[in-house]
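# Structural overview for review
The residues making up each chain are set out below.
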Amino acid sequence: MPNRQLFDQLRATAPQISVGVLTADWMSLGTELKLLENAGVKLLHFDVMDGCFCPAMTLGAPLIKGAKTPLLKDVHLMIDEPLSKVDSFVAAGADIITVHAESTRHVHRLLQVLGKMPNANDPNRGLIRGLAVNPGTPLESIEPLLGELELVLLLAVNPGWGGQQFIPSTRARLARLRQMTGDSILLGVDGGITRDNVAEVARMGADIMVTGSAVFDGKAPLENVRFMMNAIGK
Ligand code: DX5
Ligand code: ZN
């Protein structure tokens, strides 16, 4: 079981938003990150896509390593067969490393391997092992894995793009998941989180809400992030 310091911190400060960088202005990523820091955001969500697990290709470990920020690095791996690749993302400074239940035949072993890896930023911080589940994946399938993870990330969209609509069945899935896990595991919701639903999703019991294009909309990121933080009482 990894060190619990980071888990306890996230549990105590929930709910939090984790802001996705996919639609940020990458030509001035440093400025965008400063904007999030100054707004009190604590988590930065990196969507890693390989073009095989889902259609798009996005970013890899070098960009995550190169992002100089005090924000916690929340790395969402939408890649096939991640077992041979997770060490590069942990070495790049992931604080949360989330793998998909659908991305490998040996997800239990993958989580066991992750449970032995130190947090490269600070060995005392611990590494949060996340398991992501697509909208079509039955929650029963993750029951045998609950002892090998610290976070379950419910995809509220089908992985591959930002800016999609929140899938309504996510509400019932989140309630069912909380029944399965109690407070022993952090629950996250990823995709389609906007000004209109962020407060509701927080009320539904999500500890971490991933939001990308509702913040980095190309127009008013500072106003957007302040709205979202305010909406969840931060
Ligand atoms: C989807 C990604 C999400 C997405 C969130 O595959 O995992 O993190 O980028 O973006 P929005 O908030 O725009 O739905
Ligand atoms: Zn994501």
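Refer to the structure presented above.
### Structural notes on the nonpolar core
By size, the foremost hydrophobic cluster in this structure holds 65 residues, and its most contacted members are Ile17 and Leu36. If near-sequence neighbours (up to four positions away) are discounted, leucine 36 is found in contact with Val19, Val41, Leu44, Leu71, Val215, Phe216 and Val225. In this structure, Leu6, Leu43, Ile128 and Leu186 belong to the second largest nonpolar core, which totals ten residues.

### Considering the pattern of salt bridges
Taken as a whole and assessed by the stated rule, the structure comprises ten salt bridges. A salt bridge links aspartate 207 to arginine 11; the shortest N-O distance between them is 2.9 Å. Note that aspartate 207 is positioned in the loop between helix H7 (198-203) and strand S8 (208-211) and arginine 11 in helix H1 (residues 5-13), a separation of 196 residues in sequence. Judged by its relative accessible area of 5%, aspartate 207 is buried. Linked by salt bridges that have partners in common, Arg11, Arg178, Asp183 and Asp207 make up one network.

### Comments concerning the side chain of glutamate 37
Positionally, glutamate 37 belongs in helix H2 (residues 29-38). A polar contact is formed between the side chain of glutamate 37 and the side chain of lysine 34, at a distance of 3.1 Å. In contact with glutamate 37, other than residues within four places in its own chain, are Thr69, Pro70 and Leu71.

### Side note on the sheet that holds strand S5 (residues 128-133)
Reading around the barrel, the eight strands line up as S1-S2-S3-S4-S5-S6-S7-S8 and close back on themselves, with parallel pairing between neighbours. Neighbouring strand axes in the sheet, compared pairwise and without regard to direction, differ in orientation by 25° on average. Relative to S5, helix H5 (residues 107-114) is tilted by about 155°, and along the sheet it contacts strand S4 (96-100) and S5.

Cut-offs applied
Residues numbered from 1 in each chain as written. Chains lettered and ligands numbered in written order. Predicted model: local features only at pLDDT ≥ 70, side-chain atom pairs only at ≥ 80, totals over all residues. Heavy atoms only, no water. Core = buried A, V, L, I, M, F, W, Y, C linked by side-chain atoms within 4.5 Å. Buried < 20%, exposed > 50% of the residue type's maximum accessible area, 1.4 Å probe, protein only. Contact = heavy atoms within 4.5 Å. Salt bridge = Lys/Arg side-chain N within 4 Å of Asp/Glu carboxyl O. Helix = DSSP H or I, 4+ residues; strand = E, 2+ residues; numbered from the N terminus. Polar contact = N/O pair within 3.5 Å; in protein donor to acceptor, adjacent residues only side chain to side chain. Pairing = 2+ DSSP bridges. Axes fitted to C-alpha atoms, helices over the stretch in contact; angles between N-to-C directions.

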